[in-house]
Protein chains: 2
Amino acid sequence: MEWIRTETGFEIVCGGETFLKADAECPMVYVGRGEESIYAHRGYYDITDHVTERIPLAVKTVKQAGQDVEVNFSDVLQAVFHLEKDRICVNFQSLDPGVNRFWLRIPAEKEEACYGCGEQFSYFNLRGRNFPLWSSEPGVGRDKKTYLTWECDTADGTGGDYYHTYFPQTTFVSSRHYYFHAETTAYADFDFRNEKYHELQFWAVPETVILERADTFPELMQKITDLLGRVPQMPEWVYDGIIIGVQGGTERSFHLADRSLRNGIQVCGIWCQDWEGKRVTSFGKRLQWDWRWDEKMYPGLPDKIREYREKGIRFLGYTNPYLVQGGQLFQEAEEKGYLAKNPDGSLCLVDFGEFDCGIPDLTDPEAYEWFKNRILKKNMIEFGLSGWMADFGEYLPTDVQLHSGRPAMLEHNHWPALWAKCNYEALKETDTLGKEVIYFMRSGGIGSQKYCTLMWNGDQSVDFTRHDGLPSAIAATLSAGIIGCGISHSDIGGYTSMFENCRTKEVFQRWADMAVFTPVMRTHESNRPETNFQYYDDADTMELLARQVQIHVELKPYLKDAVDEYTRTGLPVQRPLFMHYEEDSRGYDIQNEYLLGRDMLVAPVYESGAEEWSLYLPEDQWVHLWTGEEYRGGDTTVKAPVGQIPVFYRKDSKYRTLFEEIRQKYGC
Amino acid sequence: MEWIRTETGFEIVCGGETFLKADAECPMVYVGRGEESIYAHRGYYDITDHVTERIPLAVKTVKQAGQDVEVNFSDVLQAVFHLEKDRICVNFQSLDPGVNRFWLRIPAEKEEACYGCGEQFSYFNLRGRNFPLWSSEPGVGRDKKTYLTWECDTADGTGGDYYHTYFPQTTFVSSRHYYFHAETTAYADFDFRNEKYHELQFWAVPETVILERADTFPELMQKITDLLGRVPQMPEWVYDGIIIGVQGGTERSFHLADRSLRNGIQVCGIWCQDWEGKRVTSFGKRLQWDWRWDEKMYPGLPDKIREYREKGIRFLGYTNPYLVQGGQLFQEAEEKGYLAKNPDGSLCLVDFGEFDCGIPDLTDPEAYEWFKNRILKKNMIEFGLSGWMADFGEYLPTDVQLHSGRPAMLEHNHWPALWAKCNYEALKETDTLGKEVIYFMRSGGIGSQKYCTLMWNGDQSVDFTRHDGLPSAIAATLSAGIIGCGISHSDIGGYTSMFENCRTKEVFQRWADMAVFTPVMRTHESNRPETNFQYYDDADTMELLARQVQIHVELKPYLKDAVDEYTRTGLPVQRPLFMHYEEDSRGYDIQNEYLLGRDMLVAPVYESGAEEWSLYLPEDQWVHLWTGEEYRGGDTTVKAPVGQIPVFYRKDSKYRTLFEEIRQKYGC
């Protein structure tokens, strides 16, 4: 990166391209003041801002010192630019304590595409839109043109919009072969609408921003994950079958597991989210948020866990970073003073829909250790769980008083990663990380890359809709992957069933079709198990699922290898087409198909009644997994019956034999 | 008004209250730059703004010269404050040509209420919300929580929102007894959300702003209309019955008039919007926008007009400021070069839904005179029309090239008043103004006060809904009235029928119940006459309407007096309660009842199946019109059968005898 002083500012260039630029015509930084107003309700945040000042900053003085350049902007901001060959690192320091809004412009090109900003469910390519970055519920429907979204919006403002996500992050990747990362957890809004620049807004001056380029996307992934981290390989058992989501007590859960096994479904895990008990609300069955074994509901569970473990089947549970009022752990935490407080000093309670919870203050080292030791290690790992859904993380109220003394507005987006870290350390300290225990999370932020063992795409609607159904899980996986969270999966068949929207057999089957070609297969009964399709109620689907899991297990060496590659190089297990086909411009806007590892291409089917499916193949020697037919690339349409969504592998793959075996067993 | 210099600025005070203020803590003015993006579709405008700069201005120098004070703000804005006893007039001059955004703060009090900003359909009291001021279609439904709004939004983005209006205006009235007026037609956004100030945004530096106080609201109305103007008394015939909206040719229209007459309905006007022919589109029956008598559809019309006029019944037509492509007048205007052009010099055509129109350039004095003389005077007044709906005015594209050379962004909000002026002059120059001819408009702006002979509330939905049905017509009337447009009426039964939403008999009857107590009664068959209730199809309703019109005609002396009062003093015919009951705090938030003139209070019924109705009476000696029962004020509930909505009069009214006669004839 080269620093060039210009008449009224500077440019930072590399290989003829401009990466940062400031001059009188086009300021690099604006600072200002804003007065936000936030209405929070059950994980949804209506946020509006009144920007009262927005001042363009001019380059006043420039001082060069070796690799570093110190710039004074209008006497209100000091910036130190540290330049390396492919990297710019800027440290900002505000000289005006009243500044609470900050805008940074990055030069853009018209055709440039951008990706990331956390886990984005609607749009993989961010260009043409702005993305408020704030951890929240993602909404149900997420498309103002669907009736379901309107119903949810009208009922209680829960319809959501394209940018709502559990996992926002101030990091993106450009098709110009660079990543940008801002080290801050303040509210942000990244705006990719302008042809000439990306404008990144922050509600606090970010301490550090980094822009780093690479020659190829795989190299870029290495650099991103060198910066942000990578999690280790998953425990071996995860590859050995499907994790079935069942619930309702010892008898029902293990009965359903047995039934699945009898029907030839290789089960590697039994996941009971209600291992700690349940409660019924108008949304559906909810859990008892007092994180310990419910002996009444799950009598004899320790024995069962041991018994099934001997058969190679693990038992998984559930937890989240809240404690239900009235629960034993709530009481304990309250007595110890571990729960966060309101501004008036009273206990802060969060409404989760017909029940209130306290918030263990994870910024208080004692509370953090207590949660980790008392709950995660003792109640869960020592109890015998081999994994859990580490749910939530998005609900930190914006006015809560924390032990750290940091404003909740800054801690809110930090909470998901802090929550991940707490789980991570529990595994690390019990030496179960990557060996035995795995947890999966939906919320995320800076740090999830190194602290979250497995992402799950959260609560999709139980349908094929573009913004909240099956396709949104693909976009989410690609998006999280490109900023370093490279291992993702989703609830087979989706989770959220609202109003008349219920999971059909076809939705389940097509989702399972896709899940085969993801690192982890796991089912969920949904929020309303009674009215949604369940595989165990249907002989056909049991048979199909058995077959699907068999293929998934056959793929184990390939999948494990892809995960290994991720742990070494940061290449996500599921990748956008452009990751390996940079020259192919089509791939930059495809978000409904993906590469699985280096050698497979998957195009999930998400239309009802589809018998064939159209897709795009970048130029390569492709072999259709089910027929063995060869393709060279381009637009193509193939038969895609249930059980055989379009999947292709590269002819010269070292796993060719494996793929051929699969075709022989399961192909046409 | 007194000017007080303070340490870092100034205050302008009167009677201990602060009206304007500028200091380092609280700037009075911000200037900046913005880049708007506007997507226009059939009278709807999706407008977003990217404010790139917003700079608070400091008081740099102050120079006093007699009544005037000259202030230099930060060397970028010059302001001259002209102070009178109760009035501040500020002239602004920008010293930076790049400035295209301007924010002015007016000190506010927490409990203060504000009204006006043109004709507002959803909220009479503007406090707590912001109001973008831009002339447009108002939307159908106008409430994101109604299914109809969602259907319209989803179909083609026509659902609208609370602030959408045909008639925006940069003028408001404060409960603190002042009005504020900005002399500009630039896009504006008046924000009444802050407790401490109103923040008024303009997309151009306004040349002049005026703030004037008075001791009472009636005095304030006098001052507002002294500034903005008042229209003259309506022609006598308007009071003598109902104007019936019928259509479909000579035979059908006059047949329906005769039938109405036979049923005892006193008809004073036959309004045929299709006097110039019609076309059918998917929205419903539309008109032929080539403004001249359609001889085929209306054979023998001139004779009919004469014949009915002898019976005291006028004939009214329709026009608007567009010319349909392919029409005779379009061709004539095009040949003469009177039609507005696109930026590339080609003819600008506006899509009105399955047909395109040219825009006579009213900023071109020749085109303006042509439209006035050729169409309004010759084709309409000379032809024999006694009035018309002067429709539209909101559709000026934002990039059209105009003769005046002024940007269309500035002419857009000006167009409705220019359109009104053209109509006004046609009447004035034919000496028919206030004597014979009357036109009614929905669009408006600064100037409508003196140029629009009669407002009509536009196209309500044919229902009782809060934001787009009957109640919205009350809010609209009160809102237009308080900024000087004091004579309003609405389509009885509403106009817009979309999807399954059709006018019921009850909606028609209740709307007519209200219309009795407005200055003008007029029906409309709606956009889909076949599927909406029509009074002439129903014997009960004919009987009811006959009675309603009789009452309206009996009220003629009272109504005429109220209109006279408006023409002299600016007091709107329909008034909010606080106009005459300042001490009663309840009246400031009531927008579903109104005073009709000084002595009547009307509370329209807008719920299906209502047999009684609750309302509020300010303290006075009230007599219930239908029963003669006396009330002293407060909350009350009265019987309110169809035909007898709650109406009260003041016991000491000089019209007491008239009201008693009405009770004797039509009461219980």
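Given the structure is predicted, the values throughout are model-derived calculations rather than measurements. (Residues numbered from 1 in each chain as written. Chains lettered and ligands numbered in written order. Predicted model: local features only at pLDDT ≥ 70, side-chain atom pairs only at ≥ 80, totals over all residues. Heavy atoms only, no water.)

Looking only at helices and strands, one finds 14 helices and 37 strands in chain A. Over its C-alpha atoms chain A spans a radius of gyration of 25 Å, differing by no more than 12% from the 26 Å that the globule rule assigns to 668 residues. Burial analysis of chain A (668 residues in total) assigns 66% to the buried set. Accessible surface, chain A as shown: approximately 22900 Å² in total, 46% of it carbon and sulfur. (Helix = DSSP H or I, 4+ residues; strand = E, 2+ residues; numbered from the N terminus. Rg over C-alpha atoms; globule rule 2.2 N^0.38 Å. Buried < 20%, exposed > 50% of the residue type's maximum accessible area, 1.4 Å probe, protein only. Areas by Shrake-Rupley, 256 points an atom, 1.4 Å probe, with all protein chains shown as cover.)

A word on the interface of chain B and chain A. A common way to report how large an interface is uses the accessible area buried once the components associate. Across the boundary between the two partners, chain B contributes 20 residues, which contact 20 residues of chain A. Ranking the residues of chain B by area buried against chain A places Arg54, Lys145 and Trp150 of chain B at the top, with a combined share of 33%. Taken together, the links from chain B to chain A amount to 11 residue pairs in polar contact (both at pLDDT 80 or more). Elements with a contribution of two residues or more to the side of chain B that touches chain A: strand 4 (29–41), strand 5 (44–56), helix 1 (147–156) and strand 16 (197–202) of chain B. When grouped by side-chain class, the residues that make up the side of chain B that touches chain A number 7 nonpolar, 5 polar and 8 charged. (Contact = heavy atoms within 4.5 Å. Buried area = accessible area lost by both parts, 1.4 Å probe. Polar contact = N/O pair within 3.5 Å; in protein donor to acceptor, adjacent residues only side chain to side chain. Nonpolar A, V, L, I, M, F, W, Y, C, P; charged D, E, K, R; others polar.)

So, on to the UniProt feature "domain: Glycosyl hydrolase family 31 C-terminal" (unreviewed entry) in chain A. Look at the UniProt record and you will see "domain: Glycosyl hydrolase family 31 C-terminal" (unreviewed entry) annotated at residues 570–653 of chain A. Annotation note: span residues 570–653 of chain A, helix share 0%, strand share 35%, distance between end C-alpha atoms 20 Å. (UniProt positions renumbered as here; feature names shortened; annotations may be inferred.)

As a further point, take unusual backbone geometry. Residues and elements named next belong to chain A. Not every positive phi belongs to a glycine, and Cys117 is a case in point at roughly 55°. The backbone phi angle of Phe392 is positive, close to 60°, even though this residue is not glycine. Topologically, Phe392 is positioned in the loop between strand 26 (387–390) and helix 7 (408–411). The class for Phe392 is buried, based on a relative accessible area of 5%.

A few words now on the pairing of strand 13 (residues 168–174) of chain A. All names here are of chain A. Within strand 13, 7 of the 7 residues are buried, leaving the element largely enclosed by the surrounding structure. Where burial is concerned, the two faces of strand 13 agree: the one with Pro168, Thr170, Phe172 and Ser174 and the one with Gln169, Thr171 and Val173 are both buried. Summarising the sheet, strand 13 and strand 14 (residues 178–183) pair through 4 bridges and their orientation is antiparallel. Each bridged residue has a counterpart across the sheet, and for Val173 the counterpart in strand 14 is Tyr179. (Pairing = 2+ DSSP bridges.)

The next point concerns the packing of helix 11 (residues 505–515) of chain B against helix 12 (residues 539–554) of chain B. Residues and elements named next belong to chain B. Between helix 11 and helix 12, the shortest axis-to-axis distance is 9 Å and the interhelical angle comes to 10°. Between helix 11 and helix 12, the angle falls in the class roughly parallel. Counted together, Lys505, Phe508, Gln509, Ala512, Asp513 and Ala515 of helix 11 and Asp540, Thr541, Leu544, Leu545, Gln548 and His552 of helix 12 form the full contact between these two elements. By residue class, the composition of the contact of helix 11 with helix 12 is 5 nonpolar, 4 polar and 3 charged. (Axes fitted to C-alpha atoms, helices over the stretch in contact; angles between N-to-C directions. Parallel < 35°, antiparallel > 145°, perpendicular 65-115°, else oblique.)

Moving on, we come to the side chain of Thr208 of chain A. Residue and element names in this part refer to chain A. With respect to the helices, strands and loops of the structure, Thr208 is situated in strand 17 (residues 208–213). On the basis of relative accessible area, Thr208 is assigned to the buried category, the value being 15%. Thr208 has contacts with Cys89, Val90, Asn91, His181, Ala182 and Glu183, leaving out every residue within four places of it along the chain.

Bringing the packing of aromatic side chains into the picture now. To describe a pair of aromatic rings, one takes the distance between the centres and the angle between the planes. Per the stated rule, a full pass over the model turns up 134 aromatic pairs over all chains. Here Trp291 of chain A and Tyr318 of chain A contribute two aromatic rings whose centre-to-centre distance is 5.7 Å and whose plane-to-plane angle is 50°, an arrangement assigned as tilted. Of this pair, Trp291 of chain A sits in the loop between strand 21 (284–287) and helix 4 (301–310) while Tyr318 of chain A sits in strand 22 (residues 314–319), placing them 27 residues apart in sequence. When sorted by exposure, Trp291 of chain A lands in the same class as Tyr318 of chain A, which is buried. With a centroid separation of 5.3 Å and an interplanar angle of 70°, the aromatic rings of Tyr535 of chain A and Tyr536 of chain A are classed as edge-to-face. Considered together, Tyr535 of chain A and Tyr536 of chain A belong to a single accessibility category, that of buried residues. Across from the ring centre of Trp203 of chain B, 3.9 Å away, lies the NZ or CZ of Arg101 of chain B, which sits over that ring. One cation-aromatic arrangement involves Arg442 of chain B over Phe392 of chain B; the distance from NZ or CZ to the ring centre is 4.5 Å. (Phe/Tyr/Trp six-rings, centres within 6.5 Å; stacked < 30°, edge-to-face > 60°. Lys NZ or Arg CZ within 6 Å of the ring centre and 35° of its normal.)

The feature "domain: Glycoside hydrolase family 31 TIM barrel" (unreviewed entry), as given by UniProt, occupies residues 257–559 of chain A in the numbering adopted here. In residues 257–559 of chain A, helix accounts for 36% and strand for 14%; the two terminal C-alpha atoms are 24 Å from one another.

All names here are of chain A. Here Cys89 is to be found in strand 9 (residues 87–94). Sequence-wise, Cys89 and Phe180 are 91 residues apart; in three dimensions their C-alpha atoms are separated by 9.9 Å. Leave out the neighbours within four places in its chain, and Cys89 touches Val80, Phe81, His82, Thr208, Val209 and Ile210.

Let us look at helix 13 (residues 556–569) of chain B. Counting along an α-helix, one turn takes 3.6 residues, and residues three or four places apart therefore face a common direction. Residues and elements named next belong to chain B. If you check helix 13, its first and last C-alpha atoms are 19 Å apart, about what 14 residues at 1.5 Å a residue would give, namely 20 Å. Taken together, the buried positions of helix 13 are occupied by Lys556, Tyr558, Leu559, Ala562, Val563, Tyr566 and Thr569. Gly570 sits one or two residues past helix 13 and shows a positive phi near 80°. (Expected span 1.5 Å × (residues − 1).)

Here we come to the pattern of salt bridges. All names here are of chain A. Tallied over the entire structure, the rule returns 108 salt bridges over all chains. Lys304 is the salt-bridge partner of Glu307, the closest N and O atoms lying 3.8 Å from each other. On the criterion of helical spacing, the pair formed by Glu307 and Lys304 is a turn pair, its members being 3 residues apart in helix 4. Lys304 sits in the partly exposed class, given a relative accessible area of 24%. Bridged by salt links that share partners, the residues Lys85, Asp86, Arg87, Glu212, Arg213, Asp215 and Lys223 form one connected network. (Salt bridge = Lys/Arg side-chain N within 4 Å of Asp/Glu carboxyl O.)

For the pair chain B and chain A, the relating rotation is 180°, the translation along its axis is 0.0 Å, and the fit reaches an RMSD of 0.0 Å. The superposition of one copy onto the other is thereby described by a two-fold rotation axis. Closest approach to the rotation axis among the C-alpha atoms of chain B is made by Arg54 of chain B, whose C-alpha sits 2.3 Å away. The overlap is high: 100% of the interface residues of chain B also sit at the interface in chain A, so the same surface is used on both sides. (Least-squares fit on C-alpha atoms with pLDDT ≥ 70 in both.)

Moving on, we get to the sheet that holds strand 26 (residues 387–390) of chain B. Residues and elements named next belong to chain B. With parallel pairing, the 7 strands of this open sheet are ordered in space as 18-19-22-26-27-28-29. Whereas interior strands pair on both sides, the edge strands pair on one side only; in this sheet they are strand 18 (242–246) and strand 29 (488–489). Strand direction decides the pairing type here: strand 27 (residues 438–441) and strand 28 (residues 454–456), joined by 2 bridges, are parallel. By the bridge assignment, Met441 is partnered in strand 28 with Met455. Where helix 6 (residues 365–382) meets the sheet, it contacts strand 22 (314–319) and strand 26, and its direction lies at approximately 150° from that of strand 22.

Time to look at the pairing of strand 26 of chain A. Residues and elements named next belong to chain A. Residues of strand 26 alternate between two faces, with Gly387 and Met389 on one and Trp388 and Ala390 on the opposite face, all of them buried. Relative to strand 26, strand 22 is paired through 3 bridges, and the arrangement is parallel. Its bridge partner being in strand 26, Gly317 is matched across the sheet by Trp388.

A few words on the environment of Met234 of chain A. All names here are of chain A. Mapped onto the fold, Met234 is located in the loop between helix 2 (217–228) and strand 18 (242–246). Remark: the alpha-carbon pair of Met234 and Cys272, spanning 38 residues in sequence, is separated by 20 Å. What Met234 contacts, discounting residues up to four positions off in sequence, is Tyr239, Gly434, Ile438, Leu454, Ile487, Pro519, Val520 and Val563.

With that out of the way, let us pick up the sheet that holds strand 31 (residues 594–596) of chain B. Residue and element names in this part refer to chain B. Spatially, 6 strands are ordered 30-31-32-37-34-35 in an open sheet, and the strand pairing comes out antiparallel. Each of the sheet's edge strands pairs with one partner strand only, and the pair in question is strand 30 (574–575) and strand 35 (630–631). Its contacts with the sheet place helix 14 (residues 656–666) against strand 32 (600–602), strand 34 (622–624) and strand 37 (647–650), and it is angled at close to 150° to strand 37.

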